[in-house]
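# Understanding the architecture of this molecule
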Amino acid sequence: MAELSRRGVLALGAFGAFGMPSVERAVPWTWPSSGSITGTGTGADPRQIWDTDADPVAARLLDSGVVPVVNRLLWDWNRNDQPLPAGLPDYLHDFIESARTLPAWADRAKLEAAARFNKSRGLYLNLLNGVGGGMLSTAIPKEAWSVYYSKGGADMEDRVAKTSLLGFSVGSLNAYRPDGDCVVQAVKTRLVHAAVRHLLQQSPHWKWGVPISQEDILVTWHTLPTYAMRKMREWAVPISAADSQAYLHVWQVTAHLLGVRDEYIPATWAAANAQSDQVLPPNMGPTREGVELTDILLGQLAEQTSPGSVSRPLVNALARYLAGPQVADWDEIPREPVWEPLIARLWPILVRFREGLVPLPLVPETAWVIDEAVRQYILFFLTKGQETKIEIPTTNRPG
Ligand code: HEM
């Protein structure tokens, strides 16, 4: 992932200049289900599989016009252990009851360890999953198109705040405890994705078949934990084997709750890295929509954190540092000759300081400007996230 450039050339081959898919990838699906959490599977191609349980539920909700009522009822459904509100259609009630059940392989002890790890490395993880993962996802053409042309594409601030609800939830101490909300956020997201599959195909702008296949979800999944773990390794963050397993586990459970079939959920980091290397390169490249979304995201970040304190050049440079040059160029993030070398030099020092590996006097003053930018970014989206909830959309992007 760090060195996407060579693979990027391959991706451009699949998408042509500016993201129009020239040919469907003829490469067979070869990732072995023996590497999955259940160690077995059908070997079916995940590009041809969507969500057979959630999709008919969302389609029925939308076709019968009850989504606004359902959204109102689900507004106060927030805790993992909370009973569902009365009044939901039976088929939705049954779906959620089944979808909210943790898989038999979920390991409470590992989930607790993951929560502690997420807390201790929260700064890196929020930065990597938020800014880093965000920049990668706008360089995934199918994702950029679907985000752009769906309802949330018209209001990116709210869209990002909603998405970060799940991100912060996965990283919270009580994520999968009874009083946490990760199950709720993931199941709601699964329903949102199912609704998007139904709606986007009705958009006059949409020409890419049924969106959000199992493979598409895996692609995005790898821009989250797989990318984050690789980056933390690159920064030499000390991580014990138990913590690394636990962190993988919390994301395995989350993938399951998002509707990914167990046969595609990697059992180990080695299997995850292999799957990431298979699915990411052919699914990445530049699009006009991705460039626009990136610009909106970075603009918001620079303007709205704390006015004047985090400049757009600093935000650009941070985003380029996290995404790497290939993805940054696809996203057309402007080059920043002053900040880029500074961040490349100072961020590793900040990491070493945070990890107790170097003493304070070795951290240059400028490094705290970067540290502050990262903190403000996280605070900004934490605050935004408190104002909103994940809801099933009823329309595409207007216009
Ligand atoms: C909505 C997370 C994969 C496209 C959401 C939401 C979350 C989320 C939390 C709810 C926020 C909202 O309603 O705006 C994730 C995670 C993924 C994933 C964690 C993988 C691990 C994907 C993929 C695509 C996609 C692969 C497309 C290729 C969308 C779209 C929406 C959405 C279009 C709805 C936006 C709207 O209502 O306008 N996703 N997603 N997501 N996601 Fe995903």
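Because the structure is a prediction, the values reported are computed rather than measured. Residue positions are counted from 1 within each chain, in the order its sequence is given. Whole-chain, interface and lining totals are the exception, using all residues; otherwise, since this is a predicted model, local features are given only for residues with pLDDT of at least 70 and side-chain atom pairs are given and counted only at 80 or more. Water and hydrogen atoms were dropped before computing side-chain values, which therefore reflect all heavy atoms in the structure.

This part covers the coordination of the iron atom of the ligand. Perfect tetrahedral coordination of a metal by four donors corresponds to 109.5 degrees between them, and perfect octahedral coordination by six donors corresponds to 90 or 180 degrees. There is one protein donor for the iron atom of the ligand, and it is H193 (NE2), at 2.1 Å. Per the convention used, a helix needs a DSSP run of H or I reaching at least four residues, while a strand needs a run of E reaching at least two, with both numbered from the N terminus. Relative to the assigned elements, H193 resides in helix 9 (residues 182-200). Only nitrogen, oxygen and sulfur atoms qualify as donors, provided they sit within 2.8 Å of the metal or within 3.2 Å for Na, K and Ca; with water excluded from the atoms, sites may seem incomplete.

Looking now at the side chain of D216. Structurally, the position occupied by D216 is in helix 10 (residues 214-234). Throughout, a contact is declared for two residues whenever any of their heavy atoms are within 4.5 Å. For D216, the contacting residues outside a window of four places in its chain are K142 and P211.

Mean pLDDT over the chain works out to 90, with 91% of the residues at or above the 70 mark. Note on residues 1-24: pLDDT is under 50 here. Beyond four places in sequence and across chains, it has 49 contacts. One confidence number per residue, pLDDT, is output by the predictor and ranges from 0 to 100.

Salt bridges are identified by distance alone: a Lys or Arg side-chain nitrogen within 4 Å of an Asp or Glu carboxyl oxygen. Scanning all chains against the criterion turns up 20 salt bridges. Salt-bridge contacts for D55 lead to R197; the nearest nitrogen and oxygen are separated by 2.6 Å. Remark: R197 occurs in helix 9 and D55 occurs in helix 2 (residues 54-63); sequence separation between them is 142 residues. With respect to burial, D55 and R197 carry one shared label: buried. Between R230 and D277 there is a salt bridge whose closest N-O contact spans 3.3 Å. Here the residue R230 occupies a position in helix 10, and D277 occupies one in helix 12 (residues 269-279), the gap between them amounting to 47 residues. Several salt bridges converge on common partners, so that one network encompasses R320, D329, R335 and E340. Three exposure classes are used, based on accessible area relative to the maximum for each residue type with a 1.4 Å probe and protein chains only: buried under 20%, partly exposed in between, and exposed over 50%.

Two numbers describe a pair of aromatic rings. These are the distance of the centres and the angle of the planes. Any two of the Phe, Tyr and Trp rings considered here, Trp counted by its six-membered ring, make a pair once their centres fall within 6.5 Å; the pair's planes then place it as stacked at under 30 degrees, edge-to-face at over 60, or tilted in between. Tallied over the full model, the rule gives 11 aromatic pairs. Consider the rings of W145 and W208, whose centres lie 3.9 Å apart with planes at 5°: the pair is stacked. Of this pair, W145 sits in helix 7 (residues 141-149) while W208 sits in the loop between helix 9 and helix 10, and the two are 63 residues apart along the sequence. The same class applies to W145 as to W208, namely buried.

Let's shift gears to unusual backbone geometry. Despite not being glycine, A236 has its phi angle at roughly 60°, a positive value. Locating A236 in the fold gives a position in the loop between helix 10 and helix 11 (241-257). Residue classification places A236 among the exposed residues on the basis of a relative accessible area of 52%.

A separate point is the site of the ligand. The full set close to the ligand counts 23 residues, and S146, S150, G152, H193 and D216 are the nearest of them. At 3.1 Å from an oxygen atom of the ligand is found a side-chain nitrogen or oxygen belonging to S150. Note that a nitrogen atom of the ligand is positioned 2.9 Å from one of the side-chain N or O atoms of H193. Elements with a minimum of two residues in the shell around the ligand: helix 7, helix 8 (156-170), helix 9 and helix 10. The criterion for a residue being near a molecule or strand is simple. One of its heavy atoms has to lie within 4 Å of it. The definition of a polar contact used here is a pair of N or O atoms within 3.5 Å, where within protein one atom must be able to donate a hydrogen and the other to accept one, and adjacent residues in sequence count solely through side-chain atom pairs.

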